[in-house]
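Chain residues, written in single-letter form:
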Amino acid sequence: MSSTASTGWVIALTPPEWRRWLLTDTPQSRWQARAGRAYLGWAAFARNPLAMLGLLIVLVLIGMAIFAPLITSYSPVVSGDTVADRFLPPGGDHWLGTDGHSWDIWSRIVYGSRTSLLIIFMVAITAAPVGIIIGTTAGYLGGWIDTALMRLTDTFLALPKLVLALAFAAALGAGMENLILAIAITSWPPYARIARAETLTVRNTDYIAAAQMSGASSLRILIGHIMPMCLPSLIVRVTLDMAGIILTAAGLGFLGLGVPLPQPEWGSMVADGRSDILNQWWVCTYPGIAIFIVSLGFNLMGDGLRDVLDPREQ
Amino acid sequence: MTQPILEVEKLNIRFHSASGTNHVVRDVSFTLGREKLAIVGESGSGKSQTARAILGLTPGQVSAQKLAFDGQSLLGLSNAEWRKIRGRRITMVMQDPKYSLNPVMRIGDQLLEAAARKGSRAALKTRALEMLQAVKIRDPERVFRAFPHELSGGMGQRVMIAMMLVTEPELLIADEPTSALDVTVRLQVLAILDDLVKTRDMGLIFISHDLNLVSTFCDRVLVMYAGQILEELDAKHLQDAKHPYTRGLLACTPNLENPVAVLPTLQRDPSWMAPVDR
Amino acid sequence: MNDNMPMVEVKNLDVTFDTGRHRVRALAGVSFAIAPGESFGLVGESGSGKTTVLRVLAGLIRQWNGGITVAGKPLTPDRDKDAKRAIQMVFQDPYGSLHPKHTVDRILAEPLQIHGIGDIENRMKDTLEQVQLGAAFRFRYPHQLSGGQRQRVAIARALILRPKLLLLDEPTSALDVSIQAEVLNLLAKLRHELDLTYILVSHDLAVVAQLCHRLAIMRTGEIVETADSEKLAKGELTHPYSRQLLTASKGFDRAAIAAFTDL
């Protein structure tokens with residue numbers, strides 16, 4: 001066999017039409033260029049089986065939340081017969097059993113995924129933007145703005161997550177909003193730090209100098225040039241943090257400071273069953289397994305994303 | 001002729017990735033005596049990978065009919081065997097000293113560590129200081145105690161060379177060792193290398209893209225293009241190169257004494273790539 | 001503008017860097033003038049201050065003393081958009097001067113948007129043609145381009161605002177010689193066609209001889225000699241330091257190296 005391509009590259013297979021369109025060296029539009037780039041990222045992600053497993057877990061979680069009424073036959077909050085349906089072991093109609101309130105555990109786990117996703121989503125869309133804005137602004141502008149913003153960050157970083165949430169719950173009452181607020185307030189400082197560190201490496205590059213020379217305002221440089229460079233490491237960090245957020249929410253639920261009953265939440269479900277763990281093991285085991293699987297899923301997905309988005313880690 | 005220091009026969013390096021195989025070095029053969037051999041080529045020509053393969057440092061897949069140093073085959077050496085050769089009998093000077101010196105260790109300690117042989121610390125230190133002097137460092141005592149960040153680029157590069165020499169190698173591989181240096185410093189560093197080849201009977205492989213420099217500094221020149229050696233020339237007669245690629249490279253280099261209005265550009269010909277059996 | 005008026009006039013330019021512990025005088029009274037349409041080279045080794053001159057003119061260093069006029073207008077550390085538009089720069093490292101997440105299209109469109117210039121499509125097409133890149137390159141990301149192509153995009157970005165003065169910071173030193181020849185030819189052609197004034201910073205005398213009419217040789221923050229390129233080609237530089245640079249650029253020569261001073 002002799003070499004084929006003069007560059008020395010040998011492509012093993014002739015790609016199908018759509019793939020050729022995505023991977024072309026000469027995209028015809030902004031949209032095609034972006035799609036091609038996204039496809040390359042996806043291809044790299046898809047090569048990692050563990051990352052795909054993580055993605056699958058997250059997708060199943062989202063599917064559970066969306067289609068909850070379709071995959072459960074009992075209401076998560078309306079209890080069955082308080083005597084006959086109490087502490088039913090797994091099997092039969094209640095295939096994960098029932099708890100002390102005669103609630104169907106499978107239903108509560110399925111509906112509980114909505115609670116978990118809502119908390120993750122709310123924290124991600126509040127803490128991440130705050131972190132990136134504060135971090136990039138501090139890093140790019142420097143001087144006293146940097147000092148002020150980073151001391152603020154340090155202050156918030158010093159707040160203990162659980163204690164703050166406890167204080168919130170004590171002052172404002174237990175509830176989902178306060179839980180989200182408490183987690184969000186303690187989650188953004190690490191994002192600000194990451195964004196600032198990233199900004200400091202980008203700030204003195206020639207492409208930023210070129211943008212300054214073309215007359216771009218600081219705001220334009222921050223949003224259009226610096227933030228896109230900070231996003232990948234931030235996305236990775238947020239994804240990895242999601243497991244932590246679920247665990248914090250579950251921990252608070254376990255302490256009785258999370259989402260109040262009867263709304264289903266995995267942490268409070270574990271707490272609920274803890275006194276009966278020897279006799280009715282299924283009550284706290286199944287929500288515990290759910291927490292474990294979903295945390296693992298986000299971690300696996302985050303590691304996969306890091307390999308794709310943050311090549312320095314490779 | 002005495003036994004060559006290095007014999008390379010049909011060296012091939014391939015990189016495998018998800019998108020296919022990249023054959024970066026193709027059937028490269030040469031021998032090296034106690035001389036200054038230059039490998040020149042443009043980026044991606046495979047010159048650096050060839051050098052790394054000699055040290056067993058390329059991440060690619062290496063195959064060769066023969067790759068022998070001082071009569072000993074370098075193919076399939078164990079890590080323990082490599083340690084006896086790499087950094088002792090064959091050493092390499094990298095492009096940028098900033099990344100090759102340990103930033104948190106004093107120069108002296110790094111020199112002593114590189115020497116890494118039995119003997120009193122005092123005797124080793126005397127040798128290390130001699131080496132610093134050999135590379136024309138004016139105040140060896142001060143540099144011995146200094147940290148890398150306290151040295152200028154030229155000093156750092158000279159310290160690197162001292163570190164390579166303290167082990168008394170038989171073969172020195174220099175990969176664009178001077179491209180980060182100012183012209184005058186660069187030539188001074190080359191003069192040191194030149195002395196060492198002459199006085200210590202060392203072999204030198206000098207990897208560069210600078211034809212002008214190579215023709216005045218080295219004895220022999222291998223011209224690489226797309227992983228292959230296109231031409232081997234006597235450095236003094238580089239201007240008489242026959243291959244159109246070498247001639248093209250020479251022509252498109254700006255000439256200080258005879259500037260031309262428009263520089264000729266290099267027209268690449270696919271036929272320069274000889275077919276290679278896989 | 002009067003034809004006799006210089007495009008760039010720098011008088012007694014002084015720059016001191018204050019790094020906390022040390023004060024480094026990077027430029028000590030640098031003066032020169034460049035005629036419109038002229039190509040002027042700044043040559044020196046690292047630490048000579050050649051890049052500092054360029055970065056002051058580019059507006060990237062804002063702490064300086066002295067007088068600078070560009071196209072008859074005095075230049076201040078704070079510049080308006082028009083002043084910025086008149087001076088553009090091409091950087092040394094083509095791998096670091098293009099935003100890795102922006103397509104060529106966005107890199108070229110953004111300066112036009114900032115200055116509120118319409119007709120983006122045509123300008124972009126013209127400029128890509130000027131730097132001899134086809135429309136096929138328009139939606140590529142920098143990682144899909146070779147070093148030479150990237151440098152052409154960087155030149156296009158500098159040209160798209162139609163500046164009067166182009167600052168070139170070692171624009172070919174990171175490129176292979178064959179690509180360097182193409183870029184040097186392109187720069188010479190563009191200067192001629194678009195009536196640009198160049199300031200080229202380089203350590204390579206041959207590159208300066210190729211592209212520049214005149215050059216200044218700098219050392220430790222001062223200009224030691226100014227000469228035209230004819231003198232450079234004939235080797236008629238007079239200052240000992242200039243002569244040393246000239247010798248060094250001719251390749252390896254034991255005798256000459258032994259004579260170098262200030263090791």
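Residues numbered from 1 in each chain as written. Chains lettered and ligands numbered in written order. Predicted model: local features only at pLDDT ≥ 70, side-chain atom pairs only at ≥ 80, totals over all residues. Heavy atoms only, no water.

## Quick look at the nonpolar core
Part 1 of the argument: Core analysis: the biggest nonpolar cluster contains 119 residues, and Leu-132 and Phe-206 of chain B together with Ile-155 of chain C have the highest contact counts within it.
Part 2 of the argument: Per element, the largest residue contribution to this core is 10 residues, and it comes from helix H8 (residues 183–200) of chain B.
Part 3 of the argument: Not counting residues within four places of it along the chain, the set of residues in contact with Leu-132 of chain B comprises Leu-111, Ile-137, Pro-140, Val-143, Phe-144, Val-159 and Ala-162 of chain B.
Part 4 of the argument: Ala-195, Ile-208, Val-238 and Val-283 of chain A belong to the second-largest nonpolar core, a separate cluster that totals 78 residues. (Core = buried A, V, L, I, M, F, W, Y, C linked by side-chain atoms within 4.5 Å. Buried < 20%, exposed > 50% of the residue type's maximum accessible area, 1.4 Å probe, protein only. Helix = DSSP H or I, 4+ residues; strand = E, 2+ residues; numbered from the N terminus. Contact = heavy atoms within 4.5 Å.)

## Concerning the interface of chain A and chain C
Part 1 of the argument: Contacts between the two partners involve 26 residues from chain A, matched on the other side by 33 residues from chain C.
Part 2 of the argument: Interface area, chain A with chain C, both sides summed: about 2,600 Å², of which 56% is carbon and sulfur.
Part 3 of the argument: Where chain A meets chain C, there are one salt bridge.
Part 4 of the argument: Between Glu-110 of chain C and Arg-220 of chain A there is a salt bridge, and its shortest N-O distance comes to 3.0 Å.
Part 5 of the argument: The interface formed by chain A and chain C includes eight residue pairs in polar contact (both at pLDDT 80 or more).
Part 6 of the argument: For the side of chain A that touches chain C, the secondary-structure elements that each account for two or more residues are helix H2 (30–46), helix H9 (206–213) and helix H10 (218–254) of chain A.
Part 7 of the argument: Of the residues that constitute the side of chain A that touches chain C, the class distribution is 10 nonpolar, 10 polar and six charged. (Buried area = accessible area lost by both parts, 1.4 Å probe. Salt bridge = Lys/Arg side-chain N within 4 Å of Asp/Glu carboxyl O. Polar contact = N/O pair within 3.5 Å; in protein donor to acceptor, adjacent residues only side chain to side chain. Nonpolar A, V, L, I, M, F, W, Y, C, P; charged D, E, K, R; others polar.)

## Digging into the sheet that holds strand E10 (residues 220–225) of chain B
All names here are of chain B.
Part 1 of the argument: Taken in spatial order, the six strands of this open sheet run E7-E8-E9-E3-E10-E11, and their pairing is mixed. Each edge of the sheet is formed by a strand with only one pairing partner; in this case those strands are strand E7 (90–93) and strand E11 (228–234). Across the sheet, the axes of successive neighbouring strands diverge by a mean angle of 20°, strand direction being ignored.
Part 2 of the argument: Pairing geometry for strand E3 (residues 36–40) and strand E9 (residues 203–208), over five bridges, is parallel. Paired with Val-40 across the bridge in E9 is Ser-208.
Part 3 of the argument: Contacts from helix H7 (residues 153–165) reach E7 and strand E8 (171–175), with the element oriented near 175° to E7.
Part 4 of the argument: Here helix H10 (residues 244–252) sits on the sheet in contact with E10 and E11, set at roughly 100° to E10. (Pairing = 2+ DSSP bridges. Axes fitted to C-alpha atoms, helices over the stretch in contact; angles between N-to-C directions.)

## With respect to the side chain of Gln-32 of chain A
Part 1 of the argument: Structurally, Gln-32 of chain A can be placed in helix H2.
Part 2 of the argument: Leave out the neighbours within four places in its chain, and Gln-32 of chain A touches Trp-21, Thr-24 and Pro-27 of chain A.

## Quick look at the packing of aromatic side chains
Part 1 of the argument: In total, this model carries six aromatic pairs over all chains according to the counting rule given.
Part 2 of the argument: The interplanar angle of 50° and the centroid separation of 4.6 Å between the aromatic rings of Tyr-225 of chain B and Tyr-245 of chain B together place this pair among those described as tilted. Placement of Tyr-225 of chain B in strand E10 and of Tyr-245 of chain B in helix H10 is noted, with a sequence separation of 20 residues between them.
Part 3 of the argument: Owing to a relative accessible area of 13%, Tyr-225 of chain B belongs among the buried residues under this scheme.
Part 4 of the argument: One aromatic cluster is present, built from ring pairs that chain together Phe-206 and Phe-217 of chain B together with Phe-252 of chain C.
Part 5 of the argument: A cation over an aromatic ring shows up here: Arg-37 of chain A above the ring of Tyr-141 of chain C, its NZ or CZ 4.2 Å from the ring centre. (Phe/Tyr/Trp six-rings, centres within 6.5 Å; stacked < 30°, edge-to-face > 60°. Lys NZ or Arg CZ within 6 Å of the ring centre and 35° of its normal.)

## Looking at the UniProt feature "transmembrane region" (unreviewed entry) in chain A
Residues and elements named next belong to chain A.
Part 1 of the argument: When the UniProt feature table is mapped to this numbering, "transmembrane region" (unreviewed entry) covers residues 50–71, 117–141, 162–187, 238–260 and 280–302.
Part 2 of the argument: Annotated as 95% helix and 0% strand, the span residues 50–71 places its first and last C-alpha atoms 27 Å apart.
Part 3 of the argument: Overall, residues 117–141 shows 100% helix and 0% strand. The separation of its end C-alpha atoms is 36 Å. (UniProt positions renumbered as here; feature names shortened; annotations may be inferred.)

## A short note on the domain arrangement of chain A
All names here are of chain A.
Part 1 of the argument: Once the domains are mapped, chain A shows domain 1 (15–22 + 30–50) and domain 2 (94–313).
Part 2 of the argument: A C-alpha centroid distance of 29 Å is found between domain 1 and domain 2.
Part 3 of the argument: Across the boundary between the two partners, domain 1 contributes five residues, which contact six residues of domain 2.
Part 4 of the argument: Both sides of the domain 1 and domain 2 interface together cover about 420 Å² of buried area, and 78% of this is carbon and sulfur.
Part 5 of the argument: Where domain 1 touches domain 2, the interface holds zero salt bridges.
Part 6 of the argument: For the pair domain 1 and domain 2, the interface holds zero residue pairs in polar contact (both at pLDDT 80 or more). (Domains from an automatic or database assignment.)

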